[in-house]
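# Remarks on the overall topology
Spelled out from the first residue to the last, the chains are:
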Amino acid sequence: MPYTLLAICLMLFAPLLPLQGDELKESPEEDLLPLEPVAPQAKTAVSPFVMPPMLLPVPPAETPEAPSATQPILRTVKAYYVPYADDSFEAVRRYVGAVDIIAGQWLAVDGNGNLKEAPDFQRNDEVRQIVHAAGKKVYSCVINRDFDRAVLSSILSTAARRTAAIDRIVAFVEKKGDDGVDLDFEGVRAGHRHGYHAFVKELAEKLHARGKELSIALDVTWEGAPSPGLDYDLLAQHADSLMPMTYTFGPGRTPHSPIHYLESAARTAMRSMDPSKFMIGIGVYGRDYDLKTGKRTHPNAARLQAILAQYNPRVIFDEETLTKRLAYKDSSGHSHLVHFDDSETIRAKLTRLAEKYGVCSVGFWRMGQEDASLWDVIDIATGRSRPAQTASRP
């Protein structure tokens, strides 16, 4: 190598070489520049000869689509049937195709663990035939007689009484060919905790051993939390689904199912269980408050239509609660305030709950109180129908 060229190389690279006896040291952390996120660029100019695979454009068919209002948001729909109301039977007969589970509230347990089936027995069996013919499931809804807390305390008080009641319930659903049990023991409090959870565990084990299912309807506080004595985490280990009865909110002039109540219940439950086991409860009736007497009644869709036709009140959609309200003065001069849910408000609630919390199951109290247009909404929400394919039901 010519000496001139060697001299030039030494001048260029000497500053980069350590002197003998010196060590290469890392720069102190305070001299390092912090890593900053790189803002995405609209376009990246890359030579076709050096384009790495990850920069190849994604085919349009694989690009995720934003959720649309017509995409299915519901996986399971449960609705309650009551034997004491003709409109409930008619609703089952006409709209069974829109639901997945009919829970027939026809079985009560007394304090000694004995069962009593609500009449009329023949119609109850006819409901079973209608539901099974449609390829849907039937649950026997079991209550503590008259929802009496003393009865509940007696049922849960000893292992012998719990087992006696459970064995009778299991034998009943096997005899009737039901697909499961909907347990609706109301009035559970802190003192019932051990007995109630032991009851659920034993009932679930015996039902599951026979290929049957267990859903539970649960009391909740006005804050949307489970009532004292109920533990979502423990119950979810045994039950197939848990439904807080979030359609009994508040005293006085309030709607029974305001969205904040439903959201609070969903938030609480989702922290304690597999989300696929959670089912939100929604009422399909109204709440009429007489401002003079303080009396509350619960008009169904037919009664609400009669109020609208007779008094022609202004109907307001309340964005805060996602319910509707109206006011009218009756023939006695009493002023009334009415809150109610219909297909529009229920659609709004289900959409909110699905988008924010992933709620994909709903239980309606009860069949026969709803406006028929609700089932059009449910058909779309479950993907059974598309909007253009859904005609208004009779």
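Residues numbered from 1 in each chain as written. Predicted model: local features only at pLDDT ≥ 70, side-chain atom pairs only at ≥ 80, totals over all residues. Heavy atoms only, no water.

The next subject is the side chain of lysine 324. With respect to the helices, strands and loops of the structure, lysine 324 is situated in strand 12 (residues 323–329). Overall, lysine 324 belongs to the buried group, its relative accessible area being 11%. Among the polar contacts made by the side chain of lysine 324, one reaches the side chain of aspartate 342 at a distance of 2.8 Å. A polar contact of 2.7 Å, which involves the side chain of lysine 324, links it to the side chain of glutamate 344. (Helix = DSSP H or I, 4+ residues; strand = E, 2+ residues; numbered from the N terminus. Buried < 20%, exposed > 50% of the residue type's maximum accessible area, 1.4 Å probe, protein only. Polar contact = N/O pair within 3.5 Å; in protein donor to acceptor, adjacent residues only side chain to side chain.)

For any pair of aromatic rings, geometry is given as the distance between the ring centres together with the angle between the planes. What the rule picks out here adds up to eight aromatic pairs. Arranged with centres 5.1 Å apart and planes meeting at 50 degrees, the rings of phenylalanine 185 and phenylalanine 199 form a pair that is tilted. Note that phenylalanine 185 is positioned in the loop between strand 5 (180–184) and helix 6 (193–208) and phenylalanine 199 in helix 6, a separation of 14 residues in sequence. Assigned by exposure class, phenylalanine 185 and phenylalanine 199 land together as buried. Note that arginine 123 overlies the ring of phenylalanine 89, its terminal NZ or CZ placed 4.4 Å from the centroid. (Phe/Tyr/Trp six-rings, centres within 6.5 Å; stacked < 30°, edge-to-face > 60°. Lys NZ or Arg CZ within 6 Å of the ring centre and 35° of its normal.)

This part takes up the packing of helix 2 (residues 86–95) against helix 3 (residues 121–133). Helix 3 packs onto helix 2 with a crossing angle of 20 degrees between their chain directions and a minimal axis gap of 10 Å. When the interaxial angle is binned, helix 2 and helix 3 end up roughly parallel. As helix 2 packs across helix 3, the resulting crossing turns out to be left-handed. Each of Asp86, Phe89, Val92 and Arg93 in helix 2 lies in contact with helix 3, whose residues at this interface are Arg123, Glu126, Val127, Ile130 and Val131. Looking at side-chain class alone, the contact of helix 2 with helix 3 contains five nonpolar, no polar and four charged residues. (Axes fitted to C-alpha atoms, helices over the stretch in contact; angles between N-to-C directions. Parallel < 35°, antiparallel > 145°, perpendicular 65-115°, else oblique. Left-handed = near helix turned anticlockwise from the far one by under 90°. Contact = heavy atoms within 4.5 Å. Nonpolar A, V, L, I, M, F, W, Y, C, P; charged D, E, K, R; others polar.)

Here we come to the pattern of salt bridges. The full count for this structure, using the stated rule, is 21 salt bridges. With a shortest N-O distance of 2.8 Å, lysine 356 and glutamate 263 are connected by a salt bridge. Within this pair, whereas lysine 356 is found in helix 10 (residues 343–357), its partner glutamate 263 is found in helix 8 (residues 259–270), the two being separated by 93 residues in sequence. In this structure glutamate 263 comes out as buried when scored by relative accessible area, which is 7%. Among the ionic pairs, aspartate 342 bridges to lysine 324, the shortest N-O distance being 2.8 Å. Of the two residues, aspartate 342 sits in the loop between strand 13 (335–340) and helix 10 while lysine 324 sits in strand 12, which places them 18 residues apart along the sequence. What emerges from the salt-bridge pattern is a single network uniting Asp125, Arg128, Lys176 and Asp178. (Salt bridge = Lys/Arg side-chain N within 4 Å of Asp/Glu carboxyl O.)

This part takes up helix 10. Relative to the 21 Å expected for 15 residues at 1.5 Å per residue, helix 10 spans 21 Å between its end C-alpha atoms, a close match to the ideal helical length. Taking the backbone nitrogen of glutamate 344 as reference, a side-chain oxygen 3.1 Å away marks aspartate 342 as the first, capping residue of helix 10. (Expected span 1.5 Å × (residues − 1).)

When pLDDT is averaged along the protein chain, the result is 84; 80% of the residues meet or exceed 70. Predicted confidence is poor over residues 1–67, with pLDDT under 50, and the contacts of this stretch with residues over four places away or in other chains come to eight contacts. Note on residues 389–394: pLDDT is under 50 here. Beyond four places in sequence and across chains, it has 14 contacts. (pLDDT = per-residue confidence, 0-100.)

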